[in-house]
Every structure is written in C-alpha cells, then in structure tokens.
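Single-letter residue listing:
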Amino acid sequence: MPSLTRQQEKRSQWHLIASACWGSLSGAMVHDSSIIILFATLLGAGEMISVCTTSLQDLSNCLLLMPLAYWVERVGKRRMIILSTWTGAVLLSLTAAAPWFGSGAKIVLIGSLALYAISNCAYTASWFPLLDGIVHEDERGRFFGIMRFTWQVVAGLFIFISGCWVGKDAPIGALQIIIAVAGLALLGRGWHVNCVCEIPVERMLNFKEMVRDIVANRPLTGFSIYLFFLYAAASATGPVLFVFAKTQLALPDNLVVIMSACAMGGLIVGFLAGGFFVQRYGVKRVFFLAHLSFALINFLLLLVTSNSWVCVAFMIFLITAYGFAFACASIAVSSEMLGLAPANNKAMSIAFCLSLYCAGQGASRFLASLILGSGILSPTWGGMGLTLTKYHTLFLFFGSGVLTAAILLMLVPAFVKDVRRLPEF
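Everything numeric here is computed off the predicted structure, so don't read it as measured data.

J.: Sorry, what's going on with the overall build of the protein chain here?
T.: Of the regular secondary structure elements, the protein chain holds 17 helices and two strands. Over its C-alpha trace the protein chain gives a radius of gyration of 21 Å, about what one expects of a compact globule, namely 22 Å for 425 residues. In terms of overall dimensions, the protein chain has a C-alpha envelope of 60 × 50 × 35 Å along the principal axes. Looking at the protein chain alone, contacts between residues at least 24 apart form 84% of all its contacts between residues at least 6 apart.

J.: It is not clear to me how the environment of Gly-399 should be interpreted in this structure. Could you clarify?
T.: Turning to its location among the elements, Gly-399 is positioned in helix α17 (residues 390-405). Gly-399 sits 215 residues away from Leu-184 along the chain, and the two C-alpha atoms are 38 Å apart.

J.: Whenever I open this one, the side chain of Ser-12 confuses me. Can you help?
T.: In this fold, Ser-12 is placed in helix α1 (residues 6-31). Leaving out residues up to four positions away in the same chain, Ser-12 has contacts with Ile-134, Val-196 and Cys-197.

J.: Any chance you could explain the confidence of the model for the protein chain here in plain terms?
T.: One rule of thumb: low pLDDT means the predicted coordinates there are not for detailed reading. When pLDDT is averaged along the protein chain, the result is 82; 90% of the residues meet or exceed 70. Helix α9 (residues 186-193) holds the highest mean pLDDT among the elements of the protein chain, 92, whereas helix α3 (residues 47-52) holds the lowest, 62. Across residues 417-425 the pLDDT falls below 50, and counting only partners more than four positions away or on other chains, this stretch makes 15 contacts in the model.

J.: Can you walk me through unusual backbone geometry in this structure?
T.: Peptide bonds are trans in most cases, and residues, glycine excluded, mostly fall at negative phi. Non-glycine residue Ala-250 carries a positive phi angle of around 55°. Tracing the sequence through the fold places Ala-250 in the loop between α12 (237-248) and α13 (253-281).

J.: In this structure, what is going on with the packing of aromatic side chains? I would like to understand it.
T.: Both the distance between ring centres and the angle between the ring planes are used here to describe each pair of aromatic rings. A full pass over the atoms with the stated rule returns 16 aromatic pairs. Note on Phe-244 and Tyr-391: the rings are 5.4 Å apart at their centroids and 55° apart in plane angle, and the pair reads as tilted. Residue Phe-244 is found in helix α12, and its partner Tyr-391 is found in helix α17; the two are separated by 147 residues along the sequence. On the basis of relative accessibility, which here comes to 1%, the residue Tyr-391 falls in the buried class.

J.: I tried to follow the state of the cysteines on my own but got confused; where do I start?
T.: What we call a disulfide is simply a covalent bond connecting the sulfur atoms of a pair of cysteines. Scanning all chains against the criterion turns up zero disulfides. The thiol of Cys-21 is not disulfide-bonded; the next cysteine sulfur, from Cys-195, is found 15 Å away. What makes Cys-21 buried here is its relative accessible area of 12%.

J.: Could you clarify how one ought to interpret the environment of Trp-14 in this entry?
T.: Inspection of the secondary structure puts Trp-14 in helix α1. Spatially, the C-alpha atoms of Trp-14 and Met-147 are 8.9 Å apart, while their sequence positions differ by 133 residues.

J.: What should I look at first to understand the packing of helix α5 (residues 77-96) against helix α8 (residues 172-184) in this one?
T.: Packed helices, taken two at a time, are described by their axes: the angle between them and the distance between them. Running from N to C, α5 and α8 cross one another at 175°; their axes reach a closest spacing of 8 Å. Classified by the interaxial angle, the pair formed by α5 and α8 is roughly antiparallel. Touching Ala-89, Leu-92, Thr-95 and Ala-96 of α5 are Gln-176, Ile-179, Ala-180, Ala-182 and Gly-183, all from α8. Of the residues in the contact of α5 with α8, the class split is six nonpolar, three polar and no charged.

J.: Sorry if this is basic, but what is going on with the environment of Gly-265 here?
T.: Residue position: Gly-265 is located in helix α13. In this structure Gly-265 comes out as partly exposed when scored by relative accessible area, which is 24%.

J.: Teacher, can you tell me more about α13 here?
T.: Structurally, the α-helix is built with 3.6 residues per turn, so residues lying three or four positions apart point the same way. Over its 29 residues, α13 runs 40 Å from end to end, which matches the ideal 42 Å to within 8%, given 1.5 Å per residue. Backbone geometry just downstream of α13 places Gly-282 in the positive-phi region, at approximately 95°.

J.: Would you take a moment to explain the nonpolar core for this structure?
T.: Nonpolar side chains in soluble globular proteins tend to be buried together. Core analysis: the largest hydrophobic core is formed by 139 residues, its most contacted members being Met-29, Phe-223, Tyr-231, Phe-294 and Met-315. Element by element, the count of residues in this core is highest for helix α15 (residues 309-340), at 18 residues. In this structure Phe-294 touches Leu-230, Tyr-231, Ala-234, Tyr-322, Ala-325, Phe-326, Ala-329 and Val-402, once residues within four positions along its chain are discounted.

J.: Please clarify how the side chain of Thr-393 should be interpreted in this entry.
T.: With respect to the helices and strands, the residue Thr-393 is situated in helix α17. Thr-393 gets classed as buried once you look at its relative accessible area, which sits at 11%. Ignoring anything within four residues of it in the chain, the contact list for Thr-393 reads Leu-377 and Trp-381.

J.: What exactly am I supposed to notice about the packing of α5 against helix α6 (residues 105-131) here?
T.: It is the contact of α5 with α6, at a shortest axis distance of 8 Å, that shows an interaxial angle of 160°. Considered as vectors, α5 and α6 are oriented roughly antiparallel to each other. Helix-helix and strand crossings are classified by hand; for α5 and α6 the assignment is left-handed. Residues belonging to the contact of α5 with α6 are distributed by class as follows: 15 nonpolar, seven polar and two charged.

What counts, and where the lines are drawn
- Residues numbered from 1 in each chain as written.
- Predicted model: local features only at pLDDT ≥ 70, side-chain atom pairs only at ≥ 80, totals over all residues.
- Heavy atoms only, no water.
- Helix = DSSP H or I, 4+ residues; strand = E, 2+ residues; numbered from the N terminus.
- Rg over C-alpha atoms; globule rule 2.2 N^0.38 Å.
- Contact = heavy atoms within 4.5 Å.
- pLDDT = per-residue confidence, 0-100.
- Phe/Tyr/Trp six-rings, centres within 6.5 Å; stacked < 30°, edge-to-face > 60°.
- Buried < 20%, exposed > 50% of the residue type's maximum accessible area, 1.4 Å probe, protein only.
- Disulfide = S-S within 2.5 Å.
- Axes fitted to C-alpha atoms, helices over the stretch in contact; angles between N-to-C directions.
- Parallel < 35°, antiparallel > 145°, perpendicular 65-115°, else oblique.
- Nonpolar A, V, L, I, M, F, W, Y, C, P; charged D, E, K, R; others polar.
- Expected span 1.5 Å × (residues − 1).
- Core = buried A, V, L, I, M, F, W, Y, C linked by side-chain atoms within 4.5 Å.
- Left-handed = near helix turned anticlockwise from the far one by under 90°.

Here's what the structure looks like:
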C-alpha cells in the first residue's frame, strides 16, 4: 500500500478533525439533540414521529452502509464525501423550509430527514476507510479522543447557544434558522475533506469475495453481534428522556435544549477521557465499565418522578453521565473496529460492523417510538413507593436489556486471550 510522509499524515489528520467540526453541527442536531424533536412537535407531530426522527440515520446506516461501501472504493472516498455533503446541505435546507409547505409539512420533514440520512450514510461509509494509512494503530485512541472531543465542543456550544437563544417557548422561525445554519456548515466539511490525502486500494475484491471475507472474519462478526445487542438496549435512553422531560414533566423548551447541551458536555469530556483510557487501560476495561454504566443510569432514571429542582438536577446529571459513558464506549468501538478490519477489505468490513452497530441504535429508537405511539404501556404504575409512568417502563426495559447483553461480552475479541476460541455461529 502506498504510504504518506509524516508531514502529509499530520496535515491530513488536522483536516479530518476540522471537517468533523463542521459536520458536527448537523450530526448532533439531527441525532443527539432535542432540536429536531421540538421542531417536529411544533409541526404537529406526535411522540411517535418525534422520537422516530432520531432513528432515521441509524436505520439508513443499517440498510445501506454495505452497498454504499462497495462503491466507495470505486468512486473514491473523498469524492463520495464531498457529494454527500452538498446533498446533505440541500436536504437540511429543505427540512428547515418544511413549515412553508402547509399541510404537507410533516411529510416534507420526514422525507427530507430520511434522504439526509441516506446522504450521511454515504459519508459514514467513506469516513473510516479514508483514515486507513493516515491514522496508525498506536495513534487511534489519541486521534479519536482529540477529534471527537473537538467536534463535540463545537457541537455542544452550538446546541447550548441555540437553547439559550430560542427561549422558553421556541418560535418555529428560530428553529428553522438553527437547522439551516447546521446544513450550510456541511459545506465546510466537504472543503476540508478535499484537502485530505487519499490512499487508493491496490487490489479491490468483488462483492462476493468481500462478503465471504467478512463472514470468515470471526472476531469481526462476533464483535459486531455484541454491538447490535448492546446498543439495541442502550441507545434510546436519550431521546425518550427528552420526550419525557417535554411532555410528562412539562419543562420549558430552553431547559430541554440545555439538557441536550449537558449530554453533549458529557460526550465532550468522555471523548477526551476515553482516548486516554483506551490508550492507557485498553479496550476491555473501557467496554466493561461503559456497559455497566448504561444499565445503572437507566435504573437510576426510575427515581426521576417530578419536575422539582432536585429531580431535574438529578436527571441532568444522569444524562451527562450517559453521554460520558457513551463517548468512552465509542472510542473503544472505533479502535477495535479498525483493528479487526483487514487492509484489503477495509470499507466493507467496517461497513458490516457499523451496520450492526447502527441497526442496534436505530432499532432501539424506532421501537421506542412505536411503543410510545401504540399506547400499549400503562400511563402510570406504582413501584418502590413511587408513581411511575410509561417512560419509566421503558427505562426499566433498557436497563434490563443492557444487563442481558453482558452475556455477549464473550464475543468481544478484547475479552478473550485468543480470538480463535470465539464460538461458532
């Protein structure tokens, strides 16, 4: 494989970090903040659609990452990313314009966000393979930590300032401006990616060979299965908590958005600490502690039963801790995934792993939205001397699911001394 000079690697790493910062505004807004949830609510969408909007990206990644990854090496990683950024900027501008379509506003909202999710899926399929040859194995923990810390600072400040600006009752025009700004920022991502040195693949396998190679890679497939079940249980906590705060606790809009910023604050610190933890203590310990944290946080949310300042402060602390654990786990996931993907099938192998990872996240949020919209859960119930709601039922399910998924830690290569001893499946 052709190699870069150290100067080219450092310059490319800087452009990669800068591109992540520009793209973080739209990514955080659509996937991790309450802005789109509030926007959907103001357009008359119910709980089901509001939470569903946060699952579109993960569902798209689950279905399309592998087909798009097959074309990445043929089209070119940089070219694919630049095309996706221009498309994403147009689609988020259309999302911001949704209220102008009158009775069709909700259809435009869902349609434009779904298409944006597809365009961002093309970016994801190209991103990790682009790092190959630029970020070496001994640099991964530090690079991912610095990169994600930096872009989370940018995204967190953006969401926090947005929350302060919209006030207690967010006007729809203010949310439109926020969404449009995040969309235009994607153009900055494209410019910086265009400055990154791309290393071509010397020999490309055909599609059947790629799939056969992935299936034969037992450590990669085992790790991917573990990620699916873990994040199927752990990923919907944030969106459900935001809907709980808005609809059940009746918190003002600006406080709900500031909660999002606090969650991102946890992500910011977690990404910086996660890079250090992975580099210092290894993937195994980081995975184990993050896994237990997901379960504990969901169980502790059962204690949040009112909008008193004590409960609100405790809830903000828990969502911040959730962001911290999520970030630390993310650094470990990226490091392990890059290490398990072979050089001659990097894009498809990473896409397979990310597909199951995102399938877990998307399934978690989508099923949570369906359950909330179906009305099958009891609105209130008693437990531990507390009056609990359907949201607490979900938190209980999430925590129990995370504990059950701990059985699959045996499929994580970092947890076994010899990856050849992984069970057959």
